[in-house]
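Summary of structural features
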Amino acid sequence: MHICFGYAAIIHDRPDAYSFLPELADSPVDQISIETAQSGLDCSILERLPGKTIILGVLDLSDPFVEEPRTVVDRAKRALAHVAPENLVLAPDCGMKYLPRDSALGKLRSLVAAAESLRKEY
(Lines give C-alpha, C1' and ligand atoms only; values in the text may rest on other atoms or scores of the structure.)
Protein backbone atom coordinates (compact mmCIF):
# COMPACT_ATOMS: atom_id res chain seq x y z
CA MET A 1 0.00 0.00 0.00
CA HIS A 2 1.33 3.41 -0.93
CA ILE A 3 0.47 6.39 1.25
CA CYS A 4 1.66 9.91 0.61
CA PHE A 5 0.87 13.56 1.19
CA GLY A 6 0.82 14.37 -2.54
CA TYR A 7 3.47 15.46 -5.00
CA ALA A 8 5.85 17.98 -3.46
CA ALA A 9 5.75 20.12 -6.60
CA ILE A 10 2.01 20.60 -6.12
CA ILE A 11 1.24 20.13 -2.41
CA HIS A 12 3.41 22.26 -0.14
CA ASP A 13 1.71 22.03 3.24
CA ARG A 14 2.09 18.61 4.83
CA PRO A 15 1.01 17.16 8.13
CA ASP A 16 3.84 15.88 10.32
CA ALA A 17 2.31 12.43 10.87
CA TYR A 18 0.13 9.72 9.41
CA SER A 19 -2.52 9.57 12.14
CA PHE A 20 -4.01 6.29 10.87
CA LEU A 21 -0.77 4.38 10.22
CA PRO A 22 -1.05 2.11 13.28
CA GLU A 23 -4.45 0.94 12.07
CA LEU A 24 -2.70 -0.85 9.21
CA ALA A 25 -0.96 -3.23 11.62
CA ASP A 26 -3.86 -5.69 11.49
CA SER A 27 -4.46 -5.33 7.76
CA PRO A 28 -3.48 -8.03 5.25
CA VAL A 29 -1.11 -5.56 3.57
CA ASP A 30 2.49 -6.82 3.62
CA GLN A 31 4.25 -3.67 2.42
CA ILE A 32 3.54 -0.05 3.33
CA SER A 33 5.15 2.74 1.33
CA ILE A 34 5.41 6.10 3.08
CA GLU A 35 7.29 9.32 2.49
CA THR A 36 9.37 10.71 5.33
CA ALA A 37 12.04 12.97 3.80
CA GLN A 38 9.74 15.90 3.02
CA SER A 39 7.50 15.50 6.03
CA GLY A 40 10.14 14.73 8.67
CA LEU A 41 7.86 11.99 9.97
CA ASP A 42 8.56 10.76 13.48
CA CYS A 43 9.52 7.19 12.61
CA SER A 44 8.81 5.81 16.09
CA ILE A 45 5.26 5.14 14.88
CA LEU A 46 6.71 2.39 12.67
CA GLU A 47 7.17 0.23 15.78
CA ARG A 48 3.41 -0.25 15.68
CA LEU A 49 3.71 -2.08 12.33
CA PRO A 50 5.62 -5.23 13.29
CA GLY A 51 6.18 -7.70 10.49
CA LYS A 52 5.36 -5.19 7.75
CA THR A 53 7.89 -4.26 5.10
CA ILE A 54 8.27 -0.48 5.15
CA ILE A 55 9.14 1.20 1.87
CA LEU A 56 10.60 4.40 3.22
CA GLY A 57 10.76 7.62 1.23
CA VAL A 58 14.20 9.09 1.97
CA LEU A 59 14.67 11.53 -0.92
CA ASP A 60 13.22 15.02 -0.54
CA LEU A 61 11.62 15.82 -3.87
CA SER A 62 10.40 19.26 -2.87
CA ASP A 63 13.87 20.56 -3.74
CA PRO A 64 15.99 19.71 -6.81
CA PHE A 65 19.14 19.88 -4.65
CA VAL A 66 20.85 16.46 -4.65
CA GLU A 67 21.28 15.15 -1.13
CA GLU A 68 24.58 13.64 -0.08
CA PRO A 69 24.40 9.88 0.58
CA ARG A 70 25.10 10.63 4.27
CA THR A 71 21.87 12.65 4.48
CA VAL A 72 19.94 9.73 2.99
CA VAL A 73 21.62 7.33 5.45
CA ASP A 74 20.61 9.57 8.34
CA ARG A 75 17.00 9.61 7.15
CA ALA A 76 16.98 5.82 6.90
CA LYS A 77 18.50 5.47 10.36
CA ARG A 78 15.53 7.34 11.81
CA ALA A 79 13.45 4.34 10.74
CA LEU A 80 16.08 1.68 11.49
CA ALA A 81 15.77 2.57 15.15
CA HIS A 82 12.20 1.19 14.90
CA VAL A 83 12.20 -1.27 11.98
CA ALA A 84 14.40 -4.31 11.42
CA PRO A 85 16.84 -3.79 8.51
CA GLU A 86 15.37 -6.76 6.63
CA ASN A 87 11.97 -5.03 6.75
CA LEU A 88 13.14 -1.71 5.31
CA VAL A 89 13.34 -0.72 1.64
CA LEU A 90 14.66 2.72 0.67
CA ALA A 91 12.76 4.74 -1.93
CA PRO A 92 12.19 8.33 -3.02
CA ASP A 93 9.31 10.38 -1.66
CA CYS A 94 6.52 11.04 -4.18
CA GLY A 95 6.95 13.30 -7.17
CA MET A 96 10.25 12.49 -8.84
CA LYS A 97 8.65 13.10 -12.24
CA TYR A 98 8.61 16.83 -11.50
CA LEU A 99 12.39 17.10 -11.04
CA PRO A 100 14.89 17.96 -13.75
CA ARG A 101 16.44 14.76 -15.12
CA ASP A 102 19.94 15.51 -13.75
CA SER A 103 18.56 16.18 -10.30
CA ALA A 104 16.47 12.99 -10.29
CA LEU A 105 19.45 10.92 -11.44
CA GLY A 106 21.72 12.49 -8.81
CA LYS A 107 19.19 11.80 -6.08
CA LEU A 108 18.86 8.17 -7.16
CA ARG A 109 22.64 7.80 -7.11
CA SER A 110 22.68 9.12 -3.54
CA LEU A 111 19.96 6.62 -2.64
CA VAL A 112 21.99 3.72 -4.07
CA ALA A 113 25.16 4.86 -2.29
CA ALA A 114 23.23 5.18 0.98
CA ALA A 115 21.76 1.68 0.59
CA GLU A 116 25.23 0.24 -0.06
CA SER A 117 26.59 1.98 3.02
CA LEU A 118 23.74 0.74 5.21
CA ARG A 119 24.13 -2.85 3.98
CA LYS A 120 27.75 -2.81 5.16
CA GLU A 121 26.73 -1.41 8.54
CA TYR A 122 23.71 -3.62 9.22
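Let me sum up the structure you'll find in this document. The structure displayed is predicted, hence computed values, not measured ones. Here, residues in each chain are numbered from 1, in the same order as that chain's written sequence. Residues qualify for local features only when their pLDDT is at least 70, as the model is predicted, and side-chain atom pairs are given and counted only at 80 or more; totals for whole chains, interfaces and linings, by contrast, use all residues. Values shown for side chains rest on all heavy atoms present in the structure; no hydrogens or waters enter the calculation.

Here's the deal with helix α1 (residues 69-80)
Our working definition: Helical segments are the DSSP runs of H or I of at least four residues, strand segments are the runs of E of at least two, and each set is numbered from the N terminus. Given the number of residues in a helix, its expected span is that number minus one, multiplied by 1.5 Å. Buried, partly exposed and exposed residues are distinguished by accessible area as a fraction of the type maximum, computed with a 1.4 Å probe on protein chains only: under 20%, between the cut-offs, and over 50%, respectively. Starting at the helix axis, one direction is taken to each C-beta atom, and the arc is that of these directions. In what follows, residue pairs with any heavy atoms lying within 4.5 Å of each other are defined as contacts.
For α1, spanning 12 residues, the distance from its first C-alpha to its last is 16 Å, which sits close to the expected 16 Å at 1.5 Å a residue. All buried positions along α1 are accounted for by Val72, Val73, Arg75, Ala76, Ala79 and Leu80. The buried residues of α1 occupy one face: seen down the axis, they fall within an arc of 160°. Elements that come into contact with the buried residues of α1 comprise β2 (53-57), β3 (88-91) and α2 (101-121).

Quick look at the sheet that holds β2
So the rule is basically this: Here a strand pair is declared whenever DSSP counts at least two bridges between the two strands. Fitted lines through C-alpha atoms serve as axes, helices being fitted only where they are in contact, and the angles separating the N-to-C directions of these axes extend from 0 to 180 degrees.
Taken together, the three strands give an open sheet; going across it, the order is β1-β2-β3, and neighbouring strands pair in parallel fashion. The open sheet has two free edges, formed respectively by β1 (31-35) and β3, since each of these has just one partner strand. Averaged over all neighbouring strand pairs, the angle between strand axes comes to 20°, with direction disregarded. Where β2 meets β3, four bridges bridge the pair, whose relative direction is parallel. What sits directly across from glycine 57, in β3, is alanine 91. Relative to β3, α1 is tilted by about 150°, and along the sheet it contacts β2 and β3.

A word on α2
End to end, α2 covers 30 Å across 21 residues, agreeing with the expected 30 Å (1.5 Å per residue, within 8%). Among the residues of α2, those classed as buried are Ser103, Ala104, Gly106, Lys107, Ser110, Leu111, Ala114, Ala115 and Leu118.

Considering the nonpolar core
We count it as follows: In plain words, nonpolar cores are sets of buried Ala, Val, Leu, Ile, Met, Phe, Trp, Tyr and Cys residues tied together by side-chain atoms within 4.5 Å.
Among the nonpolar cores identified, the biggest contains 31 residues, and Leu21, Ile32, Ile34, Leu46 and Ile54 are the most heavily contacted of them. Of all elements in the fold, only β1, β2, α1, β3 and α2 reach the threshold of two or more residues within this core.

Section: the pairing of β2
When you tally the buried positions in β2, you get five out of five residues, the bulk of the element. The alternating pattern of β2 places Thr53, Ile55 and Gly57 on one face and Ile54 and Leu56 on the opposite face, and all of these are buried. The pairing of β1 with β2 spans five bridges and is parallel. Bridge assignment links glutamine 31 to a residue of β2, and that residue is threonine 53.

From the geometry alone we can't say anything about function, so treat these as descriptive.
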